[in-house]
Amino acid sequence: KMNRVLLAILAAGESRRMGRPKLCLPWGQTTILGHILAQWREAGAEKILVVHGPGETPVTIELDRLGIPSAQRAATLAPERGMMGSVVTAAGRALEDVSLTHLVIALGDQPHLRAETLRELLRACETAPGKIVRVIFQDKPGHPLALPANLLAELSATSSETLRDFLGLQEIPACDLTSGDSGVLLDVDTPADYARAS
């Protein structure tokens, strides 16, 4: 059972370049967000947190439609910090569960990832407690990314501007998964990205 991982899906972005809420765009029989949630569940993620923007947003309305309970949602505590505000919010929530080995950071706009990539990452979390688990495509680390529990207190309080800056200050071993999934480096930011991905 792989329930010692909290999966945080970052869904607080403002989709400025897309021009409309990208996580609510159609994908298959559902939306990008609906697809990502279903795909991670199928891969074995049991503890899930969707970090969204403050107040009622298209994403919170979509979470209502998808039947996601309030316990699996958190409004970003620092919207002005962008993605890092969402990461810090997720780290704070993960600290509440002492059974966790890892916090997995997943971007809400990567619906094209292969299911096998997600499964491999979750499997690696089981075998690499205390290590950062990264997915590498052609020597470049991408997302999703798993952070070990021993980083969470510091992460929840960091003033680093980006996750990359924060991780650059850490001396923590990494478990690198070489992937053939080019999707780990892509996200869907613009209408052209969406057209290509879907």
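Residues numbered from 1 in each chain as written. Predicted model: local features only at pLDDT ≥ 70, side-chain atom pairs only at ≥ 80, totals over all residues. Heavy atoms only, no water.

As for unusual backbone geometry
Geometrically, the link from His143 to Pro144 is a cis peptide bond, its omega value of 0° lying close to zero. Among the structural elements, Pro144 can be located in strand E8 (residues 140-148). The backbone of Ser15 sits at a positive phi, close to 55°, despite the residue not being glycine. When you line up the elements, Ser15 lands in the loop between strand E1 (5-11) and strand E2 (26-27). (Helix = DSSP H or I, 4+ residues; strand = E, 2+ residues; numbered from the N terminus.)

Remarks on the pairing of E1
Across the seven residues that make up E1, a large majority, seven, are buried. Both faces of E1 are covered, namely the face carrying Val5, Leu7, Ile9 and Ala11 and the face carrying Leu6, Ala8 and Leu10. By the bridge criterion, six bridges tie E1 to strand E6 (residues 102-107) in an arrangement that is parallel. Its bridge partner being in E6, Leu7 is matched across the sheet by Val104. Pairing of E1 with strand E4 (residues 47-52) involves six bridges; the strand directions are parallel. Among the inter-strand pairings, Ala11 is bridged to a residue of E4, identified as His52. (Buried < 20%, exposed > 50% of the residue type's maximum accessible area, 1.4 Å probe, protein only. Pairing = 2+ DSSP bridges.)

So, the pairing of strand E9 (residues 174-178)
Here E9 shows a clear split, with Cys175 and Leu177 buried on one side and none of Ala174, Asp176 and Thr178 buried on the other. Where strand E7 (residues 132-137) meets E9, five bridges bridge the pair, whose relative direction is parallel. Of the residues in E9, the one forming a bridge with Val135 is Leu177.

Some points on the pattern of salt bridges
Under the counting rule described, the total for this entry stands at eleven salt bridges. Between Arg65 and Glu62 there is a salt bridge; the shortest N-O distance is 2.9 Å. Taken together, the residues span about one helical turn, with Arg65 and Glu62 both in helix H2 (residues 58-66) at a distance of three residues. Judged by its relative accessible area of 54%, Arg65 falls in the exposed class. With relative accessibility at 7%, the residue Glu62 sits in the buried group. The residue Asp193 makes a salt bridge to Arg196 at a minimum N-O spacing of 2.8 Å. Residue Asp193 and its partner Arg196 are both found in helix H7 (residues 191-197); the two are separated by three residues, about one turn of the helix. Residue Arg196 is classed as exposed on the basis of its relative accessible area of 63%. (Salt bridge = Lys/Arg side-chain N within 4 Å of Asp/Glu carboxyl O.)

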